[in-house]
Amino acid sequence: MHAVGARIRSDIISGVLAPGTKLRETALAKQYAVSRIPVREALRSLEAEGLVESRPYVGSVVAPSPIEDAEDLFEIRIVLESATARRAAKRAAALADGEEPDPRWRAVRKEINDILKAGEVVIADGRFEELAVLNMRFHFAIAELSGSLSLISLLRQISGKIEWLYSLNVSRRGSRAWPEHRAILAAIDAGQEATAAELMGEHVGRSRDAYFAMMAETAD
């Protein structure tokens, strides 16, 4: 995604651009100091993630908050991401048995290490607003390790809403959730398919429970 797309994405998730806000290409191009072409491309990409909607006679607008769909999104994530972890572990075992290492696997695996270290730094510094992006990068990288284009595509379709929900509770859940990533990764590295899938499912399940606990407290 072009840099302007990342900025619009961040502004939607952080609430700078509220749900229902009209996203006019000319105004956005001026606001972000770019031409209309990258803005148009960014809006298409964000629409694919569920963060932007295209409405007849209105044009592009910020999508409604994913709060109403939270329960369904978490249930989808548990199934989908358990599958990505299982497939990643299966692929790790197959690569370990092979004679030739996979350069792409090594690159993604290194990227995951970098993501985890970066997350630990921002948690230590209390910069939790940066953790939502890092969290999504971790989960995407695990999907890439799976080698399944179908699983990657499915995750991409809900990634924006996942990050949006995560950002709402990141200051509470983030520091507790982050170490769980290393346990999932260890199971994948060891080729333990069932364990990797179980740990990932539990990880997403705990995020779901923490989110709804937070919502319940807010409602009181």
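Before going into details, it helps to say that this report is about the structure given with it. (Residues numbered from 1 in each chain as written. Predicted model: local features only at pLDDT ≥ 70, side-chain atom pairs only at ≥ 80, totals over all residues. Heavy atoms only, no water.)

### Digging into helix H8 (residues 170-189)
Argument step 1. Here H8 spans 27 Å end to end across 20 residues, near enough to the 28 Å set by a 1.5 Å rise per residue.
Argument step 2. For H8, the principal kink sits at arginine 176 and spans about 30°; a proline, proline 179, occurs within the next four residues.
Argument step 3. When H8 is considered as a whole, its buried residues turn out to be Val170, Arg173, Gly174, Ala177, Trp178, Glu180, His181, Ile184, Leu185, Ala187 and Ile188.
Argument step 4. Count one or two residues on from H8 and you reach glycine 191, which has phi positive near 75°. (Helix = DSSP H or I, 4+ residues; strand = E, 2+ residues; numbered from the N terminus. Expected span 1.5 Å × (residues − 1). Bend = angle between axes of the 7 residues up to and from the residue. Buried < 20%, exposed > 50% of the residue type's maximum accessible area, 1.4 Å probe, protein only.)

### Here we look at the pairing of strand E2 (residues 59-62)
Argument step 1. The pairing of strand E1 (residues 52-55) with E2 spans four bridges and is classified as antiparallel. Bridge assignment links arginine 55 to a residue of E2, and that residue is glycine 59. (Pairing = 2+ DSSP bridges.)

### What about the packing of aromatic side chains?
Argument step 1. Here the structure, examined in full by the defined rule, presents three aromatic pairs.
Argument step 2. Summarising the aromatic geometry, the rings of phenylalanine 74 and tyrosine 211 are spaced 5.7 Å apart at their centres and angled 45° between planes, so their arrangement reads as tilted. With phenylalanine 74 in helix H4 (residues 70-97) and tyrosine 211 in helix H9 (residues 193-219), this pair connects stretches of sequence that are 137 residues apart. Each of the two residues, phenylalanine 74 as well as tyrosine 211, counts as buried. (Phe/Tyr/Trp six-rings, centres within 6.5 Å; stacked < 30°, edge-to-face > 60°.)

### Observations regarding the packing of helix H5 (residues 103-125) against helix H6 (residues 131-146)
Packed helix pairs are specified by the crossing angle of their axes together with the interaxial distance, meaning the distance between the axes.
Argument step 1. Between H5 and H6, whose axes approach to 10 Å, the crossing angle comes to 160°. Here H5 is positioned roughly antiparallel relative to H6, judged by the angle of their axes. The chirality of how H5 crosses H6 is left-handed. Contact residues: H5 offers Arg104, Trp105, Val108, Arg109, Glu111, Ile112, Ile115, Leu116, Ala118, Gly119, Val122 and Ile123, while H6 offers Leu131, Leu134, Arg137, Phe138, Ala141, Ile142, Glu144 and Leu145.
Argument step 2. Split into classes, the residues belonging to the contact of H5 with H6 amount to 14 nonpolar, one polar and five charged. (Axes fitted to C-alpha atoms, helices over the stretch in contact; angles between N-to-C directions. Parallel < 35°, antiparallel > 145°, perpendicular 65-115°, else oblique. Left-handed = near helix turned anticlockwise from the far one by under 90°. Contact = heavy atoms within 4.5 Å. Nonpolar A, V, L, I, M, F, W, Y, C, P; charged D, E, K, R; others polar.)

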